[in-house]
Amino acid sequence: MTDTALDPAAPLVVDTAELGRSAGATMRVEREVAAPEAFGPDVFRVPESSPLSVDVTLTSVSEGVLADGDVEATAEGECARCLAPVEDTLRVRVQELYAYEGSVTEETTDADEILRLQGDLLDLEPAVRDALVLAMPVTPLCRPDCPGLCAECGVPWDELPDDHRHETVDPRWAALEKLRSVDAESDDRPE
């Protein structure tokens, strides 16, 4: 159980009082809210204050309240290959059991493993955050066949001509390259 009290006015906190504790009672929660914080790593994330669309059905069960539904959000970041901006709409399923305070579940599960109701309030934020972060790609790409950047000049391959290349000399052969240059100069001199 968390040490801080839930704020009933928080966008992802839901009052379940109308469910009572009779198993099988349901209520639907549909909300368009701003993300209370950024979800995800810096490279690809749902930015703070970006819109979240939440459509969840809450069902009273013997151990607590089961939240089951969908969440939609837009994640932003940069392509892992060419660093171009990337934006993607994530649609995820959320299914989480919120245990009643003092339920049997408390005795059989570690405190970190299960979410809890605080009185009649439940906080959808941890379940929403976890579902969105787990749906994010490990390496976001602007497109599946993105060729990335030229390793020598750092320009995106899409912006370079097809015959683009860099002359590189293996440092082990650099001394011979100097001799070749000297030899070429001597051939160019008139006799």
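This text follows the structure it describes.
Quick caveat, the model's predicted, so the values are computed rather than measured. (Residues numbered from 1 in each chain as written. Predicted model: local features only at pLDDT ≥ 70, side-chain atom pairs only at ≥ 80, totals over all residues. Heavy atoms only, no water.)

Caption draft 1: Structural detail: the side chain of D123. Within the element layout of this structure, D123 appears in strand β8 (residues 121-123). Comment: no salt bridge for buried D123; closest opposite-charge side chain is R129, at 7.1 Å. Of note is the side chain of D123, whose polar atom sits 3.1 Å from the backbone nitrogen of E125. Discounting chain neighbours no more than four positions away, the residues touching D123 are L6, L12, V13 and Y98. (Helix = DSSP H or I, 4+ residues; strand = E, 2+ residues; numbered from the N terminus. Buried < 20%, exposed > 50% of the residue type's maximum accessible area, 1.4 Å probe, protein only. Lys, Arg positive; Asp, Glu negative; His and termini not counted. Salt bridge = Lys/Arg side-chain N within 4 Å of Asp/Glu carboxyl O. Polar contact = N/O pair within 3.5 Å; in protein donor to acceptor, adjacent residues only side chain to side chain. Contact = heavy atoms within 4.5 Å.)

Caption draft 2: The arrangement of a nonpolar patch on the surface in detail. Where nonpolar side chains cluster on the molecular surface, the patch consists of V169, W173, L176 and L179 and spans about 440 Å² of accessible area. With respect to the helices, strands and loops of the structure, W173 is situated in the loop between α2 (125-135) and α3 (174-188). (Patch = residues over 30% accessible without salt bridge, like charges linked within 9 Å, V, L, I, M, F, W, Y side chains within 5 Å. Areas by Shrake-Rupley, 256 points an atom, 1.4 Å probe, with all protein chains shown as cover.)

Caption draft 3: Expanded view of unusual backbone geometry. Positive phi, close to 75°, is recorded for S49, a residue that is not glycine. Relative to the helices and strands, S49 is located in the loop between β3 (44-45) and β4 (51-60). With a relative accessible area of 52%, S49 lands in the exposed category. Positive phi outside glycine occurs at L83, with the angle close to 65°. When you line up the elements, L83 lands in the loop between β5 (64-78) and β6 (85-99). Among the residues examined, L83 registers a relative accessible area of 49% and is labelled partly exposed.

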